2 protein chains.
Amino acid sequence: MRTKDRLDYKVQARLLRALANETRLKIIDVLSRGEEHVGALAEGMGAEQSTVSKHLAILRAIGVVDDERRGNEVYYRLVTPCVVNFFSCAIDVMKERGI
Amino acid sequence: MRTKDRLDYKVQARLLRALANETRLKIIDVLSRGEEHVGALAEGMGAEQSTVSKHLAILRAIGVVDDERRGNEVYYRLVTPCVVNFFSCAIDVMKERGI
DNA sequence: TGACTTTATGAATGTATGGTAATATACTCA
DNA sequence: TGAGTATATTACCATACATTCATAAAGTCA
(Lines give C-alpha, C1' and ligand atoms only; values in the text may rest on other atoms or scores of the structure.)
Protein backbone atom coordinates (compact mmCIF):
# COMPACT_ATOMS: atom_id res chain seq x y z
CA MET A 1 0.00 0.00 0.00
CA ARG A 2 1.44 3.34 -1.03
CA THR A 3 1.95 5.99 1.61
CA LYS A 4 -0.62 8.17 -0.07
CA ASP A 5 -3.10 5.37 0.48
CA ARG A 6 -2.44 5.19 4.19
CA LEU A 7 -5.14 7.04 5.99
CA ASP A 8 -4.92 9.01 9.14
CA TYR A 9 -6.36 6.72 11.79
CA LYS A 10 -8.25 9.60 13.33
CA VAL A 11 -10.07 10.31 10.10
CA GLN A 12 -10.72 6.67 9.47
CA ALA A 13 -12.08 6.20 12.98
CA ARG A 14 -14.34 9.20 12.47
CA LEU A 15 -15.89 7.66 9.37
CA LEU A 16 -16.34 4.33 11.08
CA ARG A 17 -17.96 5.96 14.09
CA ALA A 18 -20.36 7.73 11.77
CA LEU A 19 -21.39 4.37 10.35
CA ALA A 20 -21.36 2.48 13.63
CA ASN A 21 -24.94 3.03 14.64
CA GLU A 22 -27.95 0.80 14.15
CA THR A 23 -30.27 3.60 13.05
CA ARG A 24 -27.78 5.04 10.61
CA LEU A 25 -27.18 1.61 9.10
CA LYS A 26 -30.92 1.28 8.55
CA ILE A 27 -30.99 4.68 6.90
CA ILE A 28 -28.14 3.71 4.59
CA ASP A 29 -29.89 0.48 3.73
CA VAL A 30 -33.09 2.31 2.82
CA LEU A 31 -31.21 4.92 0.82
CA SER A 32 -29.32 2.20 -1.04
CA ARG A 33 -32.66 1.45 -2.70
CA GLY A 34 -33.21 5.07 -3.70
CA GLU A 35 -33.48 8.58 -2.34
CA GLU A 36 -36.00 9.38 0.34
CA HIS A 37 -37.15 12.34 2.40
CA VAL A 38 -36.86 12.73 6.13
CA GLY A 39 -40.48 12.15 7.07
CA ALA A 40 -40.73 8.97 5.04
CA LEU A 41 -37.51 7.69 6.53
CA ALA A 42 -38.70 8.40 10.04
CA GLU A 43 -42.07 6.78 9.51
CA GLY A 44 -40.60 3.84 7.64
CA MET A 45 -38.31 2.98 10.49
CA GLY A 46 -40.53 3.95 13.38
CA ALA A 47 -38.23 6.64 14.71
CA GLU A 48 -38.74 10.23 15.78
CA GLN A 49 -38.36 12.85 13.10
CA SER A 50 -35.76 14.69 15.13
CA THR A 51 -33.79 11.53 15.70
CA VAL A 52 -33.65 10.73 12.00
CA SER A 53 -32.83 14.29 11.11
CA LYS A 54 -29.87 14.26 13.46
CA HIS A 55 -28.56 10.99 12.13
CA LEU A 56 -28.86 12.33 8.60
CA ALA A 57 -26.87 15.37 9.64
CA ILE A 58 -24.10 13.09 10.88
CA LEU A 59 -24.06 11.11 7.63
CA ARG A 60 -24.08 14.32 5.63
CA ALA A 61 -21.23 15.77 7.66
CA ILE A 62 -18.90 12.92 6.67
CA GLY A 63 -20.12 12.94 3.10
CA VAL A 64 -21.92 9.64 2.95
CA VAL A 65 -25.20 11.25 1.92
CA ASP A 66 -26.23 14.53 0.40
CA ASP A 67 -29.55 16.30 0.42
CA GLU A 68 -31.78 18.33 -1.83
CA ARG A 69 -34.80 20.33 -0.79
CA ARG A 70 -37.91 20.05 -2.93
CA GLY A 71 -40.66 22.19 -1.56
CA ASN A 72 -41.25 21.36 2.04
CA GLU A 73 -39.38 18.10 1.86
CA VAL A 74 -35.68 17.39 1.96
CA TYR A 75 -34.56 14.35 0.04
CA TYR A 76 -31.46 12.43 1.03
CA ARG A 77 -29.46 10.01 -1.08
CA LEU A 78 -26.24 8.06 -0.86
CA VAL A 79 -23.38 9.95 -2.45
CA THR A 80 -21.84 6.74 -3.70
CA PRO A 81 -23.07 3.14 -3.90
CA CYS A 82 -19.57 2.28 -2.76
CA VAL A 83 -20.85 2.55 0.79
CA VAL A 84 -23.02 -0.45 0.08
CA ASN A 85 -20.00 -2.39 -1.19
CA PHE A 86 -18.28 -1.36 1.99
CA PHE A 87 -20.97 -3.14 3.95
CA SER A 88 -20.97 -6.15 1.69
CA CYS A 89 -17.33 -6.45 2.59
CA ALA A 90 -18.14 -6.11 6.27
CA ILE A 91 -20.73 -8.80 5.88
CA ASP A 92 -18.16 -11.11 4.34
CA VAL A 93 -15.88 -10.50 7.28
CA MET A 94 -18.60 -11.33 9.71
CA LYS A 95 -19.79 -14.41 7.89
CA GLU A 96 -16.27 -15.67 7.88
CA ARG A 97 -16.19 -15.03 11.58
CA GLY A 98 -19.54 -16.69 12.17
CA ILE A 99 -20.96 -13.56 13.74
CA MET B 1 -28.64 -9.78 -1.75
CA ARG B 2 -30.15 -12.89 -0.25
CA THR B 3 -31.99 -12.67 3.01
CA LYS B 4 -29.33 -14.81 4.62
CA ASP B 5 -26.82 -12.17 3.63
CA ARG B 6 -28.75 -9.39 5.32
CA LEU B 7 -27.18 -8.71 8.65
CA ASP B 8 -28.83 -7.64 11.80
CA TYR B 9 -28.06 -3.95 12.06
CA LYS B 10 -27.37 -4.25 15.74
CA VAL B 11 -24.66 -6.82 15.13
CA GLN B 12 -23.21 -4.87 12.25
CA ALA B 13 -23.12 -1.70 14.33
CA ARG B 14 -21.40 -3.60 17.10
CA LEU B 15 -18.61 -4.67 14.77
CA LEU B 16 -18.23 -1.20 13.36
CA ARG B 17 -18.09 0.31 16.83
CA ALA B 18 -15.37 -2.14 17.73
CA LEU B 19 -13.34 -0.93 14.77
CA ALA B 20 -14.16 2.75 15.12
CA ASN B 21 -11.33 3.79 17.36
CA GLU B 22 -8.00 5.32 16.49
CA THR B 23 -5.99 3.13 18.84
CA ARG B 24 -7.68 -0.05 17.69
CA LEU B 25 -7.08 0.86 14.06
CA LYS B 26 -3.41 1.29 14.84
CA ILE B 27 -3.35 -2.08 16.55
CA ILE B 28 -4.99 -3.72 13.53
CA ASP B 29 -2.47 -2.05 11.25
CA VAL B 30 0.45 -3.35 13.29
CA LEU B 31 -1.04 -6.83 13.48
CA SER B 32 -1.62 -6.87 9.73
CA ARG B 33 2.17 -7.08 9.48
CA GLY B 34 2.37 -10.02 11.86
CA GLU B 35 1.52 -11.15 15.35
CA GLU B 36 2.74 -9.19 18.34
CA HIS B 37 2.54 -9.30 22.09
CA VAL B 38 0.86 -6.77 24.33
CA GLY B 39 3.93 -5.08 25.70
CA ALA B 40 5.48 -4.58 22.29
CA LEU B 41 2.23 -3.17 20.96
CA ALA B 42 1.94 -0.76 23.86
CA GLU B 43 5.51 0.41 23.56
CA GLY B 44 5.35 0.62 19.78
CA MET B 45 2.40 2.93 19.86
CA GLY B 46 3.25 4.89 22.97
CA ALA B 47 0.19 3.81 24.90
CA GLU B 48 -0.40 2.47 28.38
CA GLN B 49 -0.29 -1.28 28.77
CA SER B 50 -3.74 -1.30 30.33
CA THR B 51 -5.15 0.76 27.49
CA VAL B 52 -3.80 -1.59 24.85
CA SER B 53 -4.91 -4.63 26.78
CA LYS B 54 -8.43 -3.28 26.94
CA HIS B 55 -8.57 -2.53 23.25
CA LEU B 56 -7.28 -6.00 22.48
CA ALA B 57 -10.02 -7.45 24.63
CA ILE B 58 -12.58 -5.55 22.58
CA LEU B 59 -11.12 -6.78 19.32
CA ARG B 60 -10.97 -10.32 20.66
CA ALA B 61 -14.57 -10.17 21.84
CA ILE B 62 -15.84 -9.52 18.32
CA GLY B 63 -13.45 -12.06 16.82
CA VAL B 64 -11.15 -9.76 14.88
CA VAL B 65 -8.07 -11.00 16.71
CA ASP B 66 -7.18 -14.05 18.72
CA ASP B 67 -4.47 -14.58 21.27
CA GLU B 68 -1.99 -17.19 22.38
CA ARG B 69 0.01 -17.14 25.54
CA ARG B 70 3.68 -18.07 25.30
CA GLY B 71 5.27 -17.94 28.67
CA ASN B 72 4.71 -14.58 30.22
CA GLU B 73 3.68 -12.97 26.98
CA VAL B 74 0.40 -13.07 25.16
CA TYR B 75 0.61 -12.80 21.40
CA TYR B 76 -2.22 -11.36 19.35
CA ARG B 77 -2.87 -11.78 15.65
CA LEU B 78 -5.56 -10.92 13.15
CA VAL B 79 -7.94 -13.80 12.68
CA THR B 80 -8.34 -12.97 9.02
CA PRO B 81 -6.51 -10.66 6.62
CA CYS B 82 -9.98 -9.83 5.35
CA VAL B 83 -10.10 -7.09 7.96
CA VAL B 84 -7.34 -5.38 6.08
CA ASN B 85 -9.33 -5.64 2.85
CA PHE B 86 -12.21 -4.17 4.73
CA PHE B 87 -10.13 -1.12 5.44
CA SER B 88 -8.81 -0.91 1.93
CA CYS B 89 -12.42 -0.67 0.91
CA ALA B 90 -13.05 2.04 3.48
CA ILE B 91 -10.06 3.90 2.15
CA ASP B 92 -11.48 3.75 -1.36
CA VAL B 93 -14.72 5.20 -0.10
CA MET B 94 -12.93 8.01 1.59
CA LYS B 95 -10.65 8.80 -1.31
CA GLU B 96 -13.68 9.00 -3.52
CA ARG B 97 -15.16 11.37 -1.03
CA GLY B 98 -12.01 13.42 -0.76
CA ILE B 99 -11.81 12.92 2.98
C1' DT C 1 -49.95 38.21 5.02
C1' DG C 2 -51.29 33.94 8.01
C1' DA C 3 -52.12 29.05 8.61
C1' DC C 4 -49.99 24.93 7.65
C1' DT C 5 -46.28 21.41 6.62
C1' DT C 6 -41.66 19.73 6.89
C1' DT C 7 -37.11 19.70 8.63
C1' DA C 8 -33.38 21.42 11.75
C1' DT C 9 -31.72 22.75 16.16
C1' DG C 10 -31.18 23.43 21.31
C1' DA C 11 -31.62 21.88 26.01
C1' DA C 12 -31.86 18.17 29.02
C1' DT C 13 -31.04 13.45 30.34
C1' DG C 14 -29.32 8.88 30.49
C1' DT C 15 -25.90 5.79 28.70
C1' DA C 16 -21.58 4.38 26.49
C1' DT C 17 -16.78 4.97 25.72
C1' DG C 18 -11.69 5.96 26.37
C1' DG C 19 -7.99 6.60 29.28
C1' DT C 20 -5.34 6.04 33.59
C1' DA C 21 -3.68 4.32 38.06
C1' DA C 22 -3.82 0.67 41.10
C1' DT C 23 -4.41 -4.01 41.77
C1' DA C 24 -5.16 -8.88 40.59
C1' DT C 25 -3.91 -12.82 37.88
C1' DA C 26 -0.86 -15.92 35.31
C1' DC C 27 3.40 -17.33 34.32
C1' DT C 28 8.78 -18.17 34.76
C1' DC C 29 12.75 -19.27 37.05
C1' DA C 30 15.88 -19.85 40.75
C1' DT D 1 8.20 -21.68 47.55
C1' DG D 2 9.18 -16.54 46.59
C1' DA D 3 10.73 -12.83 43.55
C1' DG D 4 10.14 -11.00 39.27
C1' DT D 5 7.72 -10.18 34.71
C1' DA D 6 3.69 -9.71 31.61
C1' DT D 7 -1.08 -9.19 31.07
C1' DA D 8 -5.93 -8.53 32.64
C1' DT D 9 -9.19 -6.30 35.44
C1' DT D 10 -11.18 -2.88 38.44
C1' DA D 11 -12.61 1.69 39.89
C1' DC D 12 -12.76 6.20 38.57
C1' DC D 13 -13.25 10.34 35.77
C1' DA D 14 -14.08 12.96 31.71
C1' DT D 15 -15.99 13.11 27.39
C1' DA D 16 -18.97 11.66 23.58
C1' DC D 17 -23.31 9.85 21.99
C1' DA D 18 -28.45 8.83 21.38
C1' DT D 19 -32.86 10.11 22.35
C1' DT D 20 -36.76 13.10 23.39
C1' DC D 21 -39.37 17.36 23.80
C1' DA D 22 -39.98 21.89 22.54
C1' DT D 23 -39.10 25.29 19.32
C1' DA D 24 -36.97 27.61 15.36
C1' DA D 25 -36.44 27.89 10.46
C1' DA D 26 -37.79 27.18 5.63
C1' DG D 27 -41.13 26.47 2.44
C1' DT D 28 -46.18 26.18 0.37
C1' DC D 29 -50.43 27.98 -0.69
C1' DA D 30 -54.72 30.35 -0.14
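Placed above this text is the structure.
These numbers were taken from a predicted model, which means no experiment stands behind them. (Residues numbered from 1 in each chain as written. Chains lettered and ligands numbered in written order. Predicted model: local features only at pLDDT ≥ 70, side-chain atom pairs only at ≥ 80, totals over all residues. Heavy atoms only, no water.)

K.L.:
Got a minute to help me understand the packing of aromatic side chains in this structure?
P.N.:
Across all of its chains, the model carries zero aromatic pairs over all chains by this definition. Sitting over the ring of Tyr75 of chain A, Arg70 of chain A keeps its end group 4.3 Å from the ring centre. (Phe/Tyr/Trp six-rings, centres within 6.5 Å; stacked < 30°, edge-to-face > 60°. Lys NZ or Arg CZ within 6 Å of the ring centre and 35° of its normal.)

K.L.:
Can you help me understand the pattern of salt bridges in this one?
P.N.:
Between side chains of opposite charge, pairing is possible as soon as their charged atoms come close. All names here are of chain A. Per the stated rule, a full pass over the model turns up 14 salt bridges over all chains. Two residues, Asp66 and Arg77, come together in a salt bridge whose shortest N-O distance is 3.2 Å. Here Arg77 lies in strand E3 (residues 73-78) and Asp66 lies in strand E2 (residues 65-70), a separation of 11 residues in the sequence. Looking at Asp66, the relative accessible area reads 29%, which means it is partly exposed. Taking the relative accessible area as the measure of exposure, Arg77 reaches 29% and is therefore partly exposed. A cluster of three or more residues bridged by salt bridges with shared partners is formed by Glu35, Asp66, Glu68, Arg70 and Arg77. (Salt bridge = Lys/Arg side-chain N within 4 Å of Asp/Glu carboxyl O. Helix = DSSP H or I, 4+ residues; strand = E, 2+ residues; numbered from the N terminus. Buried < 20%, exposed > 50% of the residue type's maximum accessible area, 1.4 Å probe, protein only.)

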